[in-house]
Structures are given as C-alpha cells and as structure tokens.
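Chain by chain, the residues:
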Amino acid sequence: MTASSTVTPAVRLRNASMAFGDRVLWDGLDLEVAPGEFLAVLGPNGSGKSTFLKVLLGLAELSGGSVEVGGMPVTSGSRRIGTIPQQKAFPEDTPLRARDLVALGVDGHRWGVRMFGRKKLGERVDELLEKVGATHYADQPLGILSGGEQQRLRAAQALADEPDLLLCDEPLLSLDLHHQRAVSSLIHRQACDHGAAVIFVTHEINPILQNVDRVLYLAGGRFHIGTVDEVMTSEVLSDLYGSPIEVFRTNGRIVVVGVPESVAHPHGSDHADALRVGE
Ligand SMILES: Nc1ncnc2c1ncn2[C@@H]1O[C@H](COP(=O)(O)OP(=O)(O)OP(=O)(O)O)[C@@H](O)[C@H]1O
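In what follows, the accompanying structure is described. (Residues numbered from 1 in each chain as written. Predicted model: local features only at pLDDT ≥ 70, side-chain atom pairs only at ≥ 80, totals over all residues. Heavy atoms only, no water.)

### A look at helix H4 (residues 118-131)
Then step 1. Relative to the 20 Å expected for 14 residues at 1.5 Å per residue, H4 spans 20 Å between its end C-alpha atoms, a close match to the ideal helical length.
Then step 2. Of all the positions in H4, only Leu121, Arg124, Val125, Leu128 and Leu129 are classed as buried. Seen from one end, H4 has its buried residues packed into an arc of 135°, which puts them on one side. Exposed and oriented more than 90 degrees from the buried face of H4 are Lys119 and Glu130. (Helix = DSSP H or I, 4+ residues; strand = E, 2+ residues; numbered from the N terminus. Expected span 1.5 Å × (residues − 1). Buried < 20%, exposed > 50% of the residue type's maximum accessible area, 1.4 Å probe, protein only. Arc of directions from axis to C-beta.)

### A few points about the side chain of Arg154
Then step 1. Relative to the assigned elements, Arg154 resides in helix H5 (residues 147-159).
Then step 2. Buried charged residue Arg154 carries no salt bridge. Nearest counter-charge: Asp169, at 11 Å.
Then step 3. Polar side-chain contacts of Arg154 include one of 2.7 Å to the side chain of Gln151.
Then step 4. Setting aside residues no more than four positions away along its own chain, Arg154 makes contact with Thr83, Ile84, Pro85, Gln87, Lys88, Ala89, Phe90 and Leu101. (Lys, Arg positive; Asp, Glu negative; His and termini not counted. Salt bridge = Lys/Arg side-chain N within 4 Å of Asp/Glu carboxyl O. Polar contact = N/O pair within 3.5 Å; in protein donor to acceptor, adjacent residues only side chain to side chain. Contact = heavy atoms within 4.5 Å.)

### Structural notes on the nonpolar core
What tends to happen in soluble globular proteins is that the nonpolar side chains get buried as a cluster.
Then step 1. Of all hydrophobic cores here, the largest spans 53 residues; its most connected members are Leu153, Ile187, Val215, Tyr217, Met232 and Leu237.
Then step 2. A total of five residues in this core trace back to one element, the largest contributor, which is H5.
Then step 3. When neighbours within four sequence positions are excluded, Ile187 is seen to be in contact with Phe38, Ile84, Leu166, Cys168, Pro171, Val198 and Phe200. (Core = buried A, V, L, I, M, F, W, Y, C linked by side-chain atoms within 4.5 Å.)

### A short note on the packing of aromatic side chains
Then step 1. A complete count under the given rule lists three aromatic pairs for this structure.
Then step 2. Where Trp26 meets Phe52, the ring centres are 5.7 Å apart and the plane angle is 75°; that geometry is what we call edge-to-face. Pair noted here: Trp26 is in strand S2 (residues 23-33) and Phe52 is in helix H1 (residues 49-57), with a separation of 26 residues, a long-range link.
Then step 3. Phe52 gets classed as buried once you look at its relative accessible area, which sits at 1%. (Phe/Tyr/Trp six-rings, centres within 6.5 Å; stacked < 30°, edge-to-face > 60°.)

By themselves, these observations are geometric and do not establish any function.
What follows is the structure, encoded as structure tokens:
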C-alpha cells in the first residue's frame, strides 16, 4: 500500500536531513507512509534508525526539511502513537506487575473505563495479555521477568490504545521464534485491521518478510526506499555500502553476504546479528 493524494499520510517527510556535527545520517529524504502501510527500517549500527523514530516522536529535531505525523507538525506525547522502545530491562524492584504495565497503555476514555469502571479495563488488559501469550505471568512483578517476557508486555502496551501509528524499535529482540511470529503478526494485524501505519526498525528482515510493504534502508549517510524486491538486491546494497555485497534468497529467506565488519559493528557492538539479515 502507498500513500494516495486523497488520504492524509500517517507520516510525511519532505527534503528531510539529519546530521550531528559533520556526521550526516540522511539528506534529501522524501517519504510518505500511508495509513495501513508497514515500513521496515533497516541499516547497520549507528546508521540513524532510532534517530528516525525519535524524529517522528518529536524527541529529535531534523537538521533540515519538515516532518508531519497525521498531517500535523510533530508534537511529543501523542496518544495516537504507540511505541515499542528498544529493549532495556526493567529494574528488579520495579513496583508494577506485568498487567499494570499493559494497563498503563489503555486510554480510559476510549475504552469506557469511566462509564463501566475497572471491569472493562481489566477485560481489555486480559485480552491483550492473551494475545502476546503473557496470561500466565500477568500477576508477576515486572522486574523478575525475562527480557523476552518483558518485551511481549511492551508490545501489548503499545497496542492497547489501537494507535494510528506504531513505532517499533527492534521489537523482536530476545523473543523466541514462536513469540517473534506472535508479536509480528499482532503488529501486522494492527496495520491490516485498524489501518495503523507501522514503522518497524530491525536488523532482521526475515521474520517480517511477509508483512513488509516497503523498506527504508539507511547506510553511510545515504538511503534507499522501495519494496523488499527493489531494495534488497546486490546492486542497491553494494551501492549503499560502497563495497561488493551479495544478496540472495533461499527457502523464502533473504541472505546478505559481504557487509564490511567495520560497518556492521562500528561501535564494537556485541550485537552479533547486526547485519545478518539473512539468518
Ligand atoms: N543526540 C545526539 N548527539 C550526537 N550524536 C548522536 C545523538 N543521537 C544519536 N547520535 C549518533 O547518531 C548515530 C545514529 O544513532 P542511532 O541510535 O539512530 O543509530 P541506529 O541505526 O539506531 O543504531 P543501532 O543499530 O546501533 O541501534 C550514532 O552514531 C549516534 O552516536
């Protein structure tokens, strides 16, 4: 799906540039993301993927150009944006249970808490917990849960208020295969059934290959936008990285070979999956 002229894009960037000092993350970026569209944002460590989400949240200002969300200038704290932030463990003594975190994402007015009391809120939270497979640890303290268990709760919280725009920063990290599928299909349904635009930052495109409409690939201060077939090619990635890259498909998966180690791990990251989009 792409933005048509009659529908207000969920996100619109015009001639957008972003730089920190002389470090350019992107320049001349024109992009419209339509309601219901699923955009994957790919690129090596430090290429600007999280910064891109921050710009949409109003937490970072473009160096040039403009950005609109839902046809309006970006303001921070919109209820219509759901976020699944990059994973960071909750401290062990966090005074919340799993279900409390999900409940924080539910807008009381929207779900009629005022009219029907806490019962309705509880039902909505139970429904969300079930969708991410978290029912059995709903009453556990947040801080003792594993990284993957916490991550599933973040996904439930982000979807609680049926956002129009869902910003996901590596939401599948530390999830096992089963829960990767559950969470990515939940996010995809938010796009298909509720018309939410999804912007999904990831190093690993294969788990979401079936869901992606377009890819924004950031690398070395440049970018390429298009469908998976248009962007994930040896030619495009070799051009972006400025060195020979091989992209091939096997068993319905994309394998990328030849990304320079210095680009894949510019900060000495121990994130070994950094660019292994094919595994
Ligand atoms: N406020 C800031 N001031 C200066 N530099 C910054 C600031 N925020 C981000 N950067 C730099 O911009 C670059 C892009 O950072 P960003 O976190 O967006 O990358 P990323 O693609 O999300 O990386 P990763 O895959 O490692 O999460 C990094 O080199 C980072 O150090």
